[in-house]
Amino acid sequence: MTHNSRTEIQVPARDRIDEDGRQTLALLHGSRQTVNMVLVALTDGVELEIWADGTLRRRSRFLRDTEARKYFERLAARLERRGYRKEKEAAGR
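Residues R58, K70, R74, R78, R81 and R82 make up a contiguous surface patch of positive charge. Here R82 shows up in the loop between α1 (65-81) and β5 (85-86).

Spatially, β4-β3-β2-β1-β5 is the arrangement adopted by the five strands of the open sheet, whose pairing is antiparallel. The open sheet is flanked by β4 (55-62) and β5, the only strands paired with a single partner. Here strand β1 (residues 19-29) pairs with β5 via two bridges, running antiparallel. Considered in β5, the bridge of H29 is made with R85. Sheet contacts for α1: β1, β2 (34-42), β3 (45-52), β4 and β5; angle to β2, the most-contacted strand, approximately 175°.

For the rest of this paragraph, the subject is the pattern of salt bridges. The full count for this structure, using the stated rule, is seven salt bridges. In this structure, E49 and R59 form a salt bridge, with 3.2 Å as the shortest nitrogen-oxygen distance. Separated by ten residues along the polypeptide, E49 in strand β3 and R59 in strand β4 bring together distant segments of the chain. Of the residues examined, E49 reaches a relative accessible area of 3% and is grouped as buried.

It is worth spelling out α1 at this point. Between its terminal C-alpha atoms α1 stretches 24 Å, which fits the 24 Å expected from 17 residues at 1.5 Å a residue. Buried residues in α1 make contact with β1, β2, β3 and β4. Looking one or two residues beyond α1, the residue adopting positive phi is G83, at roughly 105°.

The rules behind these values
Residues numbered from 1 in each chain as written. Predicted model: local features only at pLDDT ≥ 70, side-chain atom pairs only at ≥ 80, totals over all residues. Heavy atoms only, no water. Patch = residues over 30% accessible without salt bridge, like charges linked within 9 Å, V, L, I, M, F, W, Y side chains within 5 Å. Areas by Shrake-Rupley, 256 points an atom, 1.4 Å probe, with all protein chains shown as cover. Salt bridge = Lys/Arg side-chain N within 4 Å of Asp/Glu carboxyl O. Lys, Arg positive; Asp, Glu negative; His and termini not counted. Charge placed at Lys NZ, Arg CZ, Asp CG, Glu CD. Helix = DSSP H or I, 4+ residues; strand = E, 2+ residues; numbered from the N terminus. Pairing = 2+ DSSP bridges. Contact = heavy atoms within 4.5 Å. Axes fitted to C-alpha atoms, helices over the stretch in contact; angles between N-to-C directions. Buried < 20%, exposed > 50% of the residue type's maximum accessible area, 1.4 Å probe, protein only. Expected span 1.5 Å × (residues − 1).

Right, here's the structure in full:
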């Protein structure tokens, strides 16, 4: 007997995104492009935005800040192995 247990999850559509906060985690420079990684705090989660030369390349959603930061650390380490370097923070920041 075959039983189909597929369930579909209904996710309400958002008419707009309400940000609670935004923090740039890293600015990585490569030979041909600059990658900006931004953590965005939302009411119901956290998003990690990856920008390359001013264009949004990826937006990943997480339930917890720690999950987003762990993913950021893995991604930044991978980019650094590929030759990207972190921008030095300005004095007084």
